[in-house]
Amino acid sequence: MAGVVAEIAVVPLGTGSPSVSRYVAECVRLLAASGLKYEVTAMGTIVEGELEKVLAVARQMHEAPFAAGVARVVTTIKIDERRDKALSIRDKVAAVTGQLKQLKNFGV
């Protein structure tokens, strides 16, 4: 099963408020409805799935603030795709955690 892990960050501009959580919440609602696996972080959302489906939901997330009346939106998408083995959010985190455990006195 080929897939990607992507980070999507949607930033609405010119909302009249420094808080954008209501716009981000709508983006996450769209993502949840997509059925893709995801994790919300403080600076973006990590998504796992087939590339076409990830890109389709990223477009929906980008469009959501416009539908709410925002005039400008900046969306950043980072995509990690491997074709030699399966890729998942959990495996990426486990690989780093495993490396950290090998470091003495790191405390993980």
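One structure accompanies this document, and this report is about it. (Residues numbered from 1 in each chain as written. Predicted model: local features only at pLDDT ≥ 70, side-chain atom pairs only at ≥ 80, totals over all residues. Heavy atoms only, no water.)

Considering helix 2 (residues 51–67)
- Relative to the 24 Å expected for 17 residues at 1.5 Å per residue, helix 2 spans 24 Å between its end C-alpha atoms, a close match to the ideal helical length.
- Inspection of helix 2 places Val54, Val57, Ala58, Met61, Ala64 and Pro65 among the buried residues, and these make up the whole buried set. An end-on view of helix 2 places all buried positions within 110° of arc, on one side of the element. Exposed side chains of helix 2 directed beyond 90 degrees from the buried face belong to Glu52, Arg59 and Ala67.
- Buried residues in helix 2 make contact with strand 1 (4–13), helix 1 (21–34), strand 3 (45–49) and strand 4 (72–81).
- Of the residues trailing helix 2, Gly69 is marked for its positive phi of about 100°. (Helix = DSSP H or I, 4+ residues; strand = E, 2+ residues; numbered from the N terminus. Expected span 1.5 Å × (residues − 1). Buried < 20%, exposed > 50% of the residue type's maximum accessible area, 1.4 Å probe, protein only. Arc of directions from axis to C-beta. Contact = heavy atoms within 4.5 Å.)

Concerning a nonpolar patch on the surface
- Side chains of Val11, Leu13 and Val74 sit close together on the surface and give an oily, nonpolar patch of about 190 Å² of accessible area.
- The exposure class assigned to Val74 is partly exposed, which follows from its relative accessible area of 37%. (Patch = residues over 30% accessible without salt bridge, like charges linked within 9 Å, V, L, I, M, F, W, Y side chains within 5 Å. Areas by Shrake-Rupley, 256 points an atom, 1.4 Å probe, with all protein chains shown as cover. Salt bridge = Lys/Arg side-chain N within 4 Å of Asp/Glu carboxyl O.)

Remarks on the pattern of salt bridges
- For the structure on display, the rule yields five salt bridges.
- One salt bridge in this structure joins Glu81 and Arg83, with 3.3 Å as the shortest N-O distance.
- Classification of Glu81 by relative accessible area gives partly exposed; the value is 35%.
- With a relative accessible area of 75%, Arg83 lands in the exposed category.
- Of the charged contacts in the structure, one is a salt bridge between Arg82 and Asp84, with a shortest N-O distance of 2.5 Å.
- Residue classification places Asp84 among the exposed positions, given a relative accessible area of 57%.

Overview of the side chain of Ser88
- Counting through the fold element by element, Ser88 comes out in the loop between strand 4 and helix 3 (89–102).
- From its side chain, Ser88 meets the backbone nitrogen of Asp91 in a polar contact 3.0 Å long.
- When residues no more than four places from it in sequence are discounted, the contact partners of Ser88 are Val5 and Glu48. (Polar contact = N/O pair within 3.5 Å; in protein donor to acceptor, adjacent residues only side chain to side chain.)

Quick notes on the environment of Gln102
- Looking at the element boundaries, Gln102 is found in helix 3.
- Classification of Gln102 by relative accessible area gives exposed; the value is 61%.
- As for Gln102 and Ala86, which are separated by 16 residues in sequence, their C-alpha atoms are 24 Å apart.

Side note on the layout of surface pockets
- Put simply, the largest pocket is a space of about 240 Å³.
- Around the largest pocket, the lining comprises 16 residues; the ones closest to its centre are Ala9, Val10, Val24, Met43 and Gly44.
- Counting residues per element, the ones that place at least two in the lining of the largest pocket are strand 1 and helix 1.
- When residues in the lining of the largest pocket are grouped by element, the largest group, five residues, is from strand 1.
- Within the lining of the largest pocket, the residues separate by chemical class into 13 nonpolar, three polar and no charged. (1 Å grid on protein atoms, 1.4 Å probe; cavity = no way out; pocket = protein on both sides within 12 Å on 5 of 7 lines; lining within 4 Å. Points joined across faces, edges and corners; volume = space filled by probe spheres on them. Nonpolar A, V, L, I, M, F, W, Y, C, P; charged D, E, K, R; others polar.)

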